[in-house]
Amino acid sequence: MNVAEKPVIAPESLIGQRIQKKDAPEKAAGKTRYIQDMIVPGVLHAKILRSSRVHAKIKSIDTSAAKALPGVHVVLTAADVPDQQPIGVARDHLPLKGERVRSLRDEIAAVAADSEEIAEAALRLIRVEYEDLPIVATPEDAIKPGAPLIHPVPLAADGQPKALPPKTPIAFAGKPDNIAMRFDYTHGDVAQAEAESDVVVEDTFQLHYVTHCCMGVSGVIAEFDASGNLLMYSNTQVPFLHKREFAEYLNIDPSRVRIIQPPIGGGFGSKLDIYPFEVICIFLARAAKRPVKMVFTREEEFLASPTRQPVLLTLRSGCKKDGTLTFRQVHTLHDNGAYTSWGATTPFVMMQTFSSLYRVPACDYHTTVVYTNNPYAGSFRGYGNLQATFAIEQHMDMLAEKIGMDPLNFRIKNAQDAGEVTGQGMSFKSCGFKECLTTAAERSDYRKKHADNLANRDAPGPVKRGIGMASMLHVGGGAKIYPSDGCGTILKLDDFANVTLITGASEIGQGSETVLSQLVCEELGLPISAVTVVNNDTAITPWDVGVHASRTTFIAGNSAIGAARKAKAKILAAAAKKHGCDEAMLDLRGGFVVVAETGEPVVELARLMRNLHFSDKAELVMTTFYYEPPSVHQDKGFKGDVSAAYAWATQVVEVEVDTDTGIVKMTKVTGTHDVGRVLNRLGLEGQIEGGVVMGQGYALTENLIVENGVTRNPNFRDYKLVTAPEIPEMDITFVESMDGEGPQGAKGVGEAPSICIAAAAANAIYNATGVRIFGLPFTPEAVYRALRGKAEKPNWQAWKSA
Amino acid sequence: MSLKHDIEFTLNGVTKRLTVDVTMNALDMLRDVVGLTGTKYGCGEGECGACTVRVDGETRNSCLMFAVDLDGRDIVTIEGLAADPKADALRDAFVEHGAVQCGFCTPGMVMQAAHILDTNPDADANAIKRGLEGNLCRCTGYKKIVDAVESACCGGR
């Protein structure tokens with residue numbers, strides 16, 4: 001179009017609009033190729049033989065019949081990979097187990113064959129002889145004196161501990177007890193604060209196993225090229241960390257590892273660690289000299305992918321008569337399972353909630369993480385915050401009731417404000433907490449309904465109504481856990497003013513491609529359709545720490561904006577030079593360079609791009625930007641401003657409790673989230689709604705039943721995800737606190753919506769029935785028992801002394 | 001070694017002849033033999049709906065059917081539906097309403113939603129929720145999927 005034909009262009013903003021997800025049309029047409037759908041020429045199919053015992057010594061493994069089966073290319077056991085290195089945060093986990101199995105998920109052998117069927121047939125031909133060991137089924141048992149050890153220290157011939165070099169990993173050096181990790185945090189004087197308290201409550205809470213249930217099961221394809229370079233097609237959420245770690249395990253240069261992420265069928269934190277199947281697939285590819293693909297069955301996904309961290313938690317809280325919180329003292333026992341993954345480190349997040357959700361002058365927090373023969377816990381949306389919030393927000397209601405104060409007023413009195421620095425050193429530069437509290441309460445008519453429900457508790461009829469609230473604090477501006485919490489962006493504009501956005505940030509369905517495109521287009525005055533996103537290949541994309549800690553919109557968003565602003569500056573300077581005007585007067589709108597004040601077009605952007613390209617200077621517009629948030633690492637006492645921003649939310653849950661059956665129906669959720677600023681309203685709503693329903697599942701239906709180390713319900717028939725007819729009415733609103741560091745003012749929100757639901761539901765059930773339930777989930781059976789005074793109460797004293 | 005069987009069926013409007021292993025399920029046949037990967041494996045037990053296809057006008061979990069069960073029948077997969085202009089409005093509704101996140105459940109959802117529209121064009125939100133009960137989604141919380149189907153119902157009126 002000719003500039004002369006173009007009328008003035010008014011400023012338009014994409015921020016806050018309902019932007020359709022870029023990848024949605026492909027996905028809705030069934031055209032998206034996930035890892036399960038990928039075909040690589042010459043690929044072999046792999047399967048893993050897992051332990052049939054919970055805890056046992058391996059006496060012998062006979063793979064001869066499996067190796068002899070036609071179509072079998074490689075059979076591997078630990079003996080075949082003497083160079084295997086331990087994985088996991090505590091380096092206590094060898095991918096293939098040769099001497100001992102410590103849980104039912106343990107990998108003993110792996111087969112690569114011409115087809116999955118042949119690989120499965122080969123597994124059935126492998127003979128393993130075990131010698132059973134006593135099972136450590138609970139964390140309480142694990143810390144009893146004389147408990148069987150999960151990782152015993154290996155002994156030399158003389159019966160003494162083997163002499164090993166210092167820093168030998170736990171996988172080889174063992175542990176003299178079952179303690180995997182400890183976390184101890186304190187601020188203020190808890191004893192003094194307790195002495196000054198008018199009211200003190202103490203309760204023990206029990207949080208159960210749940211698992212991610214990504215609709216796309218785990219899968220990986222590994223292949224080596226002729227030069228020994230490794231290419232992995234992987235669903236990981238942390239490609240750049242994996243690149244480095246796989247290289248370490250294989251003893252090769254990290255630059256020889258390339259990770260490509262096909263579209264991922266759900267993450268939710270499950271893909272944050274390296275798992276044995278990935279390493280084993282690499283071993284198979286190395287041995288077979290062929291590409292090898294491994295995809296889980298759903299049963300395997302339930303048995304061998306991580307869980308949310310189960311927690312036994314005792315909380316002691318106090319306040320004064322006027323409603324001022326005085327202290328919190330927390331002891332938790334984390335069931336680590338047999339190996340250490342990210343679940344063990346959930347105290348990082350849990351202690352933030354205890355120390356800093358409300359103003360509390362003294363806080364004392366202790367976690368002991370212990371090995372058992374159970375499945376091991378990983379990271380899962382919320383990262384310990386669901387567990388912490390479940391306890392805190394019940395105590396907020398209980399304290400309020402004890403001092404006769406309205407629970408909303410009690411919360412408002414103790415809520416954080418912008419400008420506060422907490423005892424843990426977190427600095428709240430933007431904070432819409434009080435507005436979240438009041439907005440959610442008003443929209444749900446909390447006060448009136450709370451009072452009405454109380455009055456109607458003894459009314460006739462089995463169904464009681466209840467309303468309960470809970471709030472949350474979570475990192476919303478990344479989390480400085482690794483040496484860098486940054487993300488890189490490369491931006492290029494072509495001759496037609498289309499943009500290729502090359503970002504380190506991964507798409508796991510959450511909509512990062514769309515929101516990053518939106519932020520770039522906001523700067524460059526282009527439609528979303530002008531952007532192609534490249535985000536899934538470590539050989540192309542710049543470094544990013546990964547999808548976790550609700551960080552992508554904030555960190556990758558700021559990075560994308562940085563690159564776009566550099567491009568914009570270059571474009572405006574070129575336009576100003578060519579058209580003899582001041583670049584400060586120019587702007588980009590609707591695909592044109594315009595005069596900012598009048599909107600009068602100066603030159604079509606595509607034309608300017610071609611002019612630049614084909615001029616005697618021959619330039620392209622290509623920019624790069626690396627964004628590192630201004631957060632700091634915590635010190636040894638876990639203090640420090642670990643995130644560049646913090647997100648807040650209040651959720652009000654309404655329930656109907658059938659006291660005859662124990663069935664709890666979640667009828668409505670009113671949620672108000674301080675998101676900094678709404679960027680893509682459609683995507684944001686989707687994140688919140690999905691998180692609310694995931695929280696509903698955690699509260700009411702989902703329960704991975706682990707008995708004596710055996711997962712009893714590894715399928716969707718017996719592990720109950722919420723289905724469409726069960727979802728509550730949802731009223732979701734946003735507080736825009738305009739964070740100064742956030743991209744266009746936004747803060748992270750990915751984990752937030754799941755965090756409060758179980759806690760608010762507990763308070764709602766109490767409001768309905770007068771019965772407080774300290775363990776999850778609120779299944780009909782558990783609620784029925786609790787209503788009749790027969791809830792199983794966890795025995796805190798049994799392990800407190802340990 | 002294993003028994004084979006010849007079958008003939010209509011797949012997305014085209015007649016298909018295949019020789020299949022009698023133990024093979026319809027989902028594996030569609031994905032691995034025919035090569036149409038839009039139909040997804042989610043559980044293999046008929047619990048999640050990711051493998052939903054249309055068989056003689058009714059939606060079915062293809063993971064619970066043997067490939068030989070398809071002999072003589074009329075099969076439509078997401079690829080067939082996506083090529084049908086009548087389904088454009090439904091697909092557009094999924095996109096417009098934000099009913100897609102990771103997208104893994106989406107083909108099954110769209111197949112089931114199309115079935116709801118066919119059999120109950122006046123379906124209200126509750127009827128749509130009942131109709132989608134057999135399809136699991138872990139990302140969206142279902143609300144936007146229900147909204148999408150509801151708008152397509154109304155749009156068709």
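Residues numbered from 1 in each chain as written. Chains lettered and ligands numbered in written order. Predicted model: local features only at pLDDT ≥ 70, side-chain atom pairs only at ≥ 80, totals over all residues. Heavy atoms only, no water.

S.K.: Mind laying out the overall build of chain B, listing which residues take part and the relevant values?
M.R.: A tally of regular secondary structure across chain B gives 6 helices and 5 strands. When the elements of chain B are put in sequence order from the N terminus, they spell out β-β-α-β-β-β-α-α-α-α-α. Computed over C-alpha atoms, the radius of gyration of chain B comes to 16 Å, within 12% of the 15 Å expected from 2.2 N^0.38 for 157 residues, which places it in the range of a compact globule. Its C-alpha atoms give chain B principal-axis dimensions of roughly 50 × 30 × 20 Å. Per-residue burial for chain B yields a buried fraction of 52% across its 157 residues. Working note: accessible area of chain B is about 6,400 Å², and carbon and sulfur atoms make up 46% of it. (Helix = DSSP H or I, 4+ residues; strand = E, 2+ residues; numbered from the N terminus. Rg over C-alpha atoms; globule rule 2.2 N^0.38 Å. Buried < 20%, exposed > 50% of the residue type's maximum accessible area, 1.4 Å probe, protein only. Areas by Shrake-Rupley, 256 points an atom, 1.4 Å probe, with all protein chains shown as cover.)

S.K.: Give me the domain arrangement of chain B: which residues, what numbers.
M.R.: Residues and elements named next belong to chain B. In terms of domain boundaries, chain B breaks down into domain 1 (4-77) and domain 2 (84-156). Domain 1 and domain 2 are separated by 22 Å when their C-alpha centres are compared. Taken together, the 15 residues of domain 1 in the interface contact 11 residues of domain 2. Interface area, domain 1 with domain 2, both sides summed: about 1,000 Å², of which 55% is carbon and sulfur. (Domains from an automatic or database assignment. Contact = heavy atoms within 4.5 Å. Buried area = accessible area lost by both parts, 1.4 Å probe.)

S.K.: Summarise the pairing of strand S10 (residues 230-234) of chain A; cite the residues concerned and give the values.
M.R.: In the case of a regular strand, side chains alternate between the two sheet surfaces. All names here are of chain A. With respect to burial, S10 is a largely interior element, 5 of its 5 residues being buried. Judged by which residues are buried, S10 turns out to be covered on both faces: Leu230, Met232 and Ser234 on one side and Leu231 and Tyr233 on the other are all buried. The sheet contact formed by strand S9 (residues 219-224) and S10 spans 5 bridges and is antiparallel. Note that in S10 the partner of Val220 across the bridge is Ser234. (Pairing = 2+ DSSP bridges.)

S.K.: Go over the pattern of salt bridges with me, naming the residues and quoting the values.
M.R.: Residues and elements named next belong to chain A. Applying the stated criterion across every chain, the model contains 54 salt bridges over all chains. We note a salt bridge from Asp731 to Arg443, for which the minimum N-O separation is 2.9 Å. Of this pair, Asp731 sits in strand S28 (residues 729-735) while Arg443 sits in helix H13 (residues 433-444); the two residues are 288 residues apart in sequence, bridging distant segments of the chain. We classify Arg443 as partly exposed; its relative accessible area is 44%. Of the charged contacts, one joins Arg551 and Asp485 as a salt bridge, the two residues approaching to 2.9 Å between their closest N and O atoms. (Salt bridge = Lys/Arg side-chain N within 4 Å of Asp/Glu carboxyl O.)

S.K.: Give me the lowdown on the environment of Phe224 of chain A, citing residues and values where you can.
M.R.: Residues and elements named next belong to chain A. Positionally, Phe224 belongs in strand S9. A relative accessible area of 23% places Phe224 in the partly exposed class. Along the backbone, Phe224 and Arg290 are 66 residues apart, and their C-alpha atoms lie at a distance of 7.4 Å. Ignoring anything within four residues of it in the chain, the contact list for Phe224 reads Asn229, Leu230, Leu250, Ile282, Ala285 and Arg286.

S.K.: Which residues make up the nonpolar core, and what values go with them?
M.R.: In this structure, Leu284, Phe354 and Phe778 of chain A together with Phe94 of chain B are the most contacted members of the largest nonpolar core, which totals 206 residues. Leu524, Ile571, Leu588 and Leu605 of chain A belong to the second-largest nonpolar core, a separate cluster that totals 50 residues. (Core = buried A, V, L, I, M, F, W, Y, C linked by side-chain atoms within 4.5 Å.)

S.K.: Lay out helix H16 (residues 552-579) of chain A in plain terms, naming residues and giving numbers.
M.R.: The first and last C-alpha atoms of H16 of chain A sit 39 Å apart over 28 residues, in line with the 40 Å expected at 1.5 Å per residue. Following H16 of chain A by one or two positions, Gly580 of chain A adopts a phi angle in the positive range, close to 60°. (Expected span 1.5 Å × (residues − 1).)

S.K.: Any details on the side chain of Asn713 of chain A? Residues and values, ideally.
M.R.: Residue and element names in this part refer to chain A. Mapped onto the elements of the fold, Asn713 is located in the loop between strand S27 (710-711) and S28. Note on Asn713: relative accessible area 2%, which makes it buried. A distance of 2.7 Å separates a polar atom in the side chain of Asn713 from the backbone oxygen of Asn703. Looking at Asn713, its side chain comes within polar contact range of the main-chain nitrogen of Ile705, at 2.9 Å. Apart from the residues lying within four places of it in its own chain, the contact partners of Asn713 are Phe302, Asn703, Leu704, Ile705, Asp718 and Tyr719. (Polar contact = N/O pair within 3.5 Å; in protein donor to acceptor, adjacent residues only side chain to side chain.)

S.K.: Which residues make up unusual backbone geometry, and what values go with them?
M.R.: All names here are of chain A. Residue Pro777 follows Leu776 across a cis peptide bond; omega there is -5°. On the secondary structure map, Pro777 appears in the loop between helix H20 (757-769) and helix H21 (780-787). For Asn251, which is not glycine, the phi torsion reads 55° and is therefore positive. Position of Asn251 relative to the elements: it lies in the loop between helix H7 (239-250) and strand S11 (257-260). At Ser550, a position not held by glycine, the phi torsion is positive, near 50°. Ser550 sits in the buried class, given a relative accessible area of 13%.

S.K.: Which residues make up the packing of aromatic side chains, and what values do they have?
M.R.: Counted according to the given criterion, the structure contains 16 aromatic pairs over all chains. Aromatic pair Tyr34 of chain A and Phe104 of chain B: ring centres 4.9 Å apart, planes at 75°, arrangement edge-to-face. Of this pair, Tyr34 of chain A sits in the loop between helix H1 (24-28) and strand S1 (44-50) while Phe104 of chain B sits in the loop between helix H3 (88-96) and helix H4 (106-119), placing the two residues on different chains. For Tyr34 of chain A, a relative accessible area of 1% gives the class buried. We classify Phe104 of chain B as buried; its relative accessible area is 1%. (Phe/Tyr/Trp six-rings, centres within 6.5 Å; stacked < 30°, edge-to-face > 60°.)

S.K.: How would you explain the domain arrangement of chain A if you had to name every residue and give the values?
M.R.: Residues and elements named next belong to chain A. Split by domain assignment, chain A resolves into domain 1 (3-32 + 486-627), domain 2 (34-134 + 217-264 + 271-304), domain 3 (144-175) and domain 4 (311-479 + 634-800). Each of domain 1 and domain 4 has a C-alpha centre, and the two are 38 Å apart. Counting residues at the interface gives 25 residues for domain 1, matched by 27 residues for domain 4. Regarding the contact of domain 1 and domain 4, the summed buried area is about 1,800 Å², with carbon and sulfur atoms giving 57% of it. Among the residues of domain 1 in contact with domain 4, Arg18, Ser550 and Phe554 are the three that bury the most area, contributing 36% of the side total.

S.K.: Describe the environment of Ile260 of chain A, with residues and values.
M.R.: All names here are of chain A. With respect to the element layout, Ile260 can be found in strand S11. A residue is classified by how much of its surface remains accessible, and Ile260, at 15% relative accessible area, is buried. Placed 39 residues apart in sequence, Ile260 and Ile221 show a C-alpha to C-alpha distance of 9.8 Å.

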